[in-house]
Each structure stands twice: as structure tokens, then as C-alpha cells.
Amino acid sequence: IIAAGAAIVFGWWKNRGAYVQVYSGGLARIQGSKVQEMRWDDIRGVWQSITHYQRYGRVVRTTYVYTVQTADNRKLSFSNELKGIQQLGQTIQQETTNRLFPQMTAAYNAGQPVRFGDFTMSKEGVVHKNKTLSWAEIEGAQINNGYVTFKKQGKWFNWANVPVAQIPNLIVFLSLIDHVVGLKRGR
């Protein structure tokens, strides 16, 4: 409990006075005289972690963490310490998806493999770590309780079950799966 409290206080202290300005071409995180800018076109990866905390079946708190990585490997994280984090996260996802989805779809259509963390998609199917599942074998893909799951035809258990927070460019990943085989919507 003490460690969790210390982490919350440190996060607040570290980010006090920080805010983000969103522009048509990108965003800037501003804290005092320190400015960190990122152009939408330079972003290569977005990771999101959204956690709902419940008590007696009702959501009592939600935490948001968005981590953005640029082509030159700079990383910037945004979390609940910023006002309007939910809207900021949606904007980050929308702007990067608008740019990355056409690029990744074109690469896929050209027969090139497209990587999303431990997943790689190609015309042959989906590879997760060292396991391959052809598109024809996929019975379904869905998000359920914070996990992306793939179901293989004729099998009882899921072929892959990966937390969404581990998948870069989650919205692009899901959109590409939906483009190829369709995506079931879970909770």
C-alpha cells in the first residue's frame, strides 16, 4: 500500500503542471519550459492500457495509459495525471490510425508481412511468436475483457490470448483483421 501510494504521489509530482496541446499536424506535451513535440506522421507505435476498477459490479475508477513511439524511437507516455486523458487517447488513436492503416494495409496487400509486437500478419495468416494460424483456420478473433483472442476452427481452447496493452497500434491491428476475416466484438 505504501509503495502504491508513493508511486501515485511521485507520478503526480513528476507531471504537475503538465498539459498537452493538440494541433492538426501533431501534439506537444508542455511542462514548465520543457516542450516535447511529436508529429502525427512521425508516430510508428501507440500502446494503450485502459483498466476499469470495479466494486460490487460497478466501475469506480478507470486508468488510462497511452505510450507513443516515433520513427527515431522517442517515447512519450500520457496517463491520468493529464486532464482529458480519455479524449487525448482517442485523438492519438484516431490520428495515428488514419495514417498507419493505409500504409499497413498496402504492405499487407503487396504480400509483405506486417508486425504488431508478437504478432505478424501476412497473406498466409497470423503468426504469434512461433505459432502460425492460416486465415482459413481462423474461426474468430475478438476482444474480450482486455485480451485479443483468436479461435482456431475445431479447437476448444483459444489459439492466442494476448493483453491489448502488449499490442502496438491496436486499432490498426484490429482494423486489418476485420479487413481480412472480420472481427467479433466482445466486452
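Chemist: Account for the pairing of strand 9 (residues 125–128), with residues named and values stated.
Modeler: Across four bridges, the pairing between strand 8 (residues 119–122) and strand 9 is antiparallel. Bridging across to strand 9, T120 finds its partner in V127. Here four bridges tie strand 9 to strand 10 (residues 131–134), and the two strands are oriented antiparallel to one another. What sits directly across from G125, in strand 10, is S134. Counted along the chain from strand 9 to the antiparallel partner strand 10, the turn is two residues long, and its residue K129 has a positive phi close to 60°.

Chemist: Lay out the nonpolar core with the relevant residues and their values.
Modeler: Membership of the largest hydrophobic core comes to 26 residues, with the highest contact counts inside it found for F116, F119, F150 and F173. Mapped onto this core, the elements with two or more residues apiece are helix 2 (85–109), strand 7 (114–116), strand 8, strand 11 (138–144), strand 12 (147–152), strand 13 (158–163) and helix 3 (170–180). The biggest single contributor to this core is helix 3, with six residues. The contacts of F150, once residues within four sequence positions are left out, are F119, V126, L133, I138, G140, A141, N158, W159, A160, F173 and I177. By size, the runner-up hydrophobic cluster in this structure holds 16 residues, among which are M38, Y64, I85 and I92.

Chemist: Outline the side chain of S122, listing residues and values.
Modeler: Position of S122 relative to the elements: it lies in strand 8. Within the structure, S122 has its side chain in polar contact with the side chain of E124 (distance 3.0 Å). What S122 contacts, discounting residues up to four positions off in sequence, is Y108, P113 and W135.

Chemist: An account of the packing of aromatic side chains is requested, with residue identities and associated values reported.
Modeler: A full pass over the atoms with the stated rule returns six aromatic pairs. Aromatic pair F150 and F173: ring centres 6.4 Å apart, planes at 75°, arrangement edge-to-face. In this pair, F150 sits in strand 12 while F173 sits in helix 3, placing the two residues 23 residues apart along the sequence. Comparing F150 with F173 shows no difference in burial state: the two are buried. Among the aromatic residues, ring-to-ring pairing joins F116, F119, F150, W159 and F173 into one connected group.

Thresholds, definitions, all that
- Residues numbered from 1 in each chain as written.
- Predicted model: local features only at pLDDT ≥ 70, side-chain atom pairs only at ≥ 80, totals over all residues.
- Heavy atoms only, no water.
- Pairing = 2+ DSSP bridges.
- Helix = DSSP H or I, 4+ residues; strand = E, 2+ residues; numbered from the N terminus.
- Core = buried A, V, L, I, M, F, W, Y, C linked by side-chain atoms within 4.5 Å.
- Buried < 20%, exposed > 50% of the residue type's maximum accessible area, 1.4 Å probe, protein only.
- Contact = heavy atoms within 4.5 Å.
- Polar contact = N/O pair within 3.5 Å; in protein donor to acceptor, adjacent residues only side chain to side chain.
- Phe/Tyr/Trp six-rings, centres within 6.5 Å; stacked < 30°, edge-to-face > 60°.

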